[in-house]
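# Residue-level structural notes
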Amino acid sequence: VQLVESGGGLVQPGGSLRLSCAASGLTFYRSKMSWYRQAPGKERELVARITGDGGTLTYADSVKGRFTISRDNPKKTTFLEMNSLEPGDTAVYYCNARLDRLGRAGADVYWGQGTQVTVST
């Protein structure tokens, strides 16, 4: 399984970025896909999550109304649209996939390598 993030970069406060996560080797349509972020000196935190059918979306309170998670199952890609970016959004953003095991307990969890997002003047 491979998760490859792209779309990070440097943006001014108030700006926008769109992150993408392309998956391969994964039963994508059954996987919950998430975006996490980790700022320097801080723990990794959940930003947004989307279920396999796209029917349930979860957001951290700090990004509600500004970020939107979506997915394209045929293309095995997850997106994070980030608007009204703030300096506090600066972090490495990681794509995460969670695939529940059929007929037995537990899940397989995979991570991408991360993409840097910097919000600064």
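Here goes a summary of the coordinates provided.

About the cut-offs
- Residues numbered from 1 in each chain as written.
- Predicted model: local features only at pLDDT ≥ 70, side-chain atom pairs only at ≥ 80, totals over all residues.
- Heavy atoms only, no water.
- Helix = DSSP H or I, 4+ residues; strand = E, 2+ residues; numbered from the N terminus.
- Polar contact = N/O pair within 3.5 Å; in protein donor to acceptor, adjacent residues only side chain to side chain.
- Phe/Tyr/Trp six-rings, centres within 6.5 Å; stacked < 30°, edge-to-face > 60°.
- Buried < 20%, exposed > 50% of the residue type's maximum accessible area, 1.4 Å probe, protein only.
- Lys NZ or Arg CZ within 6 Å of the ring centre and 35° of its normal.
- Salt bridge = Lys/Arg side-chain N within 4 Å of Asp/Glu carboxyl O.

### Overview of the environment of Asp 108
With respect to the element layout, Asp 108 can be found in strand 10 (residues 107-111). Between the C-alpha atoms of Asp 108 and Ser 31, which are 77 residues apart in sequence, the distance is 9.4 Å. Side-chain polar atoms of Asp 108 contact the side chain of Arg 101, separated by 2.9 Å.

### Details of the packing of aromatic side chains
Remark: the centre distance and the inter-plane angle together describe each pair of aromatic rings, the angle taken between the planes. Going through the model one piece at a time under the given rule, you end up with two aromatic pairs. Measuring from ring centre to ring centre gives 6.5 Å for Tyr 94 and Trp 111, while their planes differ by 85 degrees; the resulting arrangement is edge-to-face. Separated by 17 residues along the polypeptide, Tyr 94 in strand 9 (residues 91-100) and Trp 111 in strand 10 bring together distant segments of the chain. Among the residues examined, Tyr 94 registers a relative accessible area of 14% and is labelled buried. An aromatic cluster is built from Tyr 36, Tyr 94 and Trp 111, whose rings are joined through pairwise contacts. Between the NZ or CZ atom of Arg 44 and the centre of the ring of Trp 111, over which it lies, the distance is 4.6 Å.

### Brief notes about the pattern of salt bridges
Inspection of the entire model under this criterion finds eight salt bridges. In this structure, Arg 37 and Glu 45 form a salt bridge, with 2.7 Å as the shortest nitrogen-oxygen distance. When its relative accessible area of 6% is taken as the criterion, Arg 37 is described as buried. Two residues, Glu 86 and Arg 66, come together in a salt bridge whose shortest N-O distance is 3.9 Å. Residue Glu 86 is found in the loop between strand 8 (77-82) and strand 9, and its partner Arg 66 is found in the loop between strand 6 (57-59) and strand 7 (67-72); the two are separated by 20 residues along the sequence. Taken together, the salt bridges that share partners define one network made up of Arg 37, Glu 45, Arg 66, Glu 86 and Asp 89.

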